[in-house]
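# Summary of the model geometry
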Amino acid sequence: MRYFFYKPKKKKILKRLKVFLSKVGGTDVKISHEHKGYVWLNFEEARSCIRHKNMRDMLDIANEYAHRYERINALNNEYRKISSTKNWDLSKRLVPGEGPLDSGIMVIGQAPGKNEDQDLKPFIGRSGNLLTGMLAKAGLDRKKLYITSVVQFFPPKNRLPTRSEVDVCRPFIKKQIEILKPKFIILLGNIASMTLLGIGSVEKNHGRCIRKDDTEYMITFHPAAILRFKDKAPLMLGDLKKFSDIINKHKN
Ligand code: URA
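Residues numbered from 1 in each chain as written. Predicted model: local features only at pLDDT ≥ 70, side-chain atom pairs only at ≥ 80, totals over all residues. Heavy atoms only, no water.

### As for the site of the ligand
- Gly109, Gln110, Ala111, Pro112, Glu116, Pro122, Phe123, Ser149 and His222 make up every residue found near the ligand.
- One of the side-chain nitrogen or oxygen atoms of serine 149 is found 2.7 Å away from a nitrogen atom of the ligand.
- The contact in question runs from an oxygen atom of the ligand to an N or O atom on the side chain of histidine 222, over 2.8 Å.
- Contact with the protein chains removes 95% of the 240 Å² of surface that the ligand exposes when unbound.
- Considering only residue class, the shell around the ligand consists of four nonpolar, four polar and one charged. (Near = heavy atom within 4 Å. Polar contact = N/O pair within 3.5 Å; in protein donor to acceptor, adjacent residues only side chain to side chain. Areas by Shrake-Rupley, 256 points an atom, 1.4 Å probe, with all protein chains shown as cover. Nonpolar A, V, L, I, M, F, W, Y, C, P; charged D, E, K, R; others polar.)

### Things to note about the side chain of histidine 222
- With respect to the helices, strands and loops of the structure, histidine 222 is situated in the loop between strand 7 (215-220) and helix 8 (223-228).
- Among the polar contacts listed, one links the side chain of histidine 222 to the backbone nitrogen of alanine 224, at a separation of 2.9 Å.
- Once you skip the residues sitting within four places of it in the chain, histidine 222 turns out to touch Gly109, Gln110, Phe123, Ser127, Leu188 and Gly189. (Helix = DSSP H or I, 4+ residues; strand = E, 2+ residues; numbered from the N terminus. Contact = heavy atoms within 4.5 Å.)

### Things to note about the pairing of strand 5 (residues 184-188)
- Of all the five residues making up strand 5, five are buried; the element is thus mostly covered by neighbouring parts of the structure.
- Bridging between strand 3 (residues 105-109) and strand 5 involves four bridges; their strand directions are parallel. Bridge pairing in strand 5 places isoleucine 108 opposite leucine 187.
- Pairing of strand 5 with strand 7, which is carried by five bridges, proceeds in the parallel orientation. (Buried < 20%, exposed > 50% of the residue type's maximum accessible area, 1.4 Å probe, protein only. Pairing = 2+ DSSP bridges.)

Right, dumping it as structure tokens:
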């Protein structure tokens, strides 16, 4: 955060404030002896001590981030547990979503592949490289987006997730959306589009933007489809550029 500090009768001074969030294991926090006069406060107490509104706003943003972090972690722990149900045919290793929890933009794919299952990170294989490159060409930096999939367990032999697997995973992707409250969601491929909007045939519907629950959903191809049908690459890039323009207009 940047703000100006006005010294009486002196020039204004630009201050930059960075808030670092860290997690503590317990509640017994000791403040080291050189920090005389410092006290450990809970959030509400700390907030009430701050006189400047912009500082309070900064603390609220940090608090909201910490809250989302806790909720996403709890959700992932719950999600991991469903892999121990009977007749589970997917990998038992959850590939969690990745990216800043306050991104405002989510990208949702279908299901992890073998590489993702090994490293437990979404979109790091060939599809992932293609996606990262396409996003960059459209002016979207992957590191600033939250990336996840409808099904977050690798389907063996890279098969499509079944309808019942999607049904089991649907509440978890919906809950992620509820926690992260993105303004924009880019849906990659039929499974993502069908699961979250009930709209199939990306071939016909790519490039469409649909507003639902205060979020702008955008439909495009899955990068794995582009690896197979290279002639579709300009279409996906065109969609992403269109979405990127809409996102930028919203920022300005
Ligand atoms: N394809 C997906 O849909 N998700 C991943 O995480 C990787 C590849």
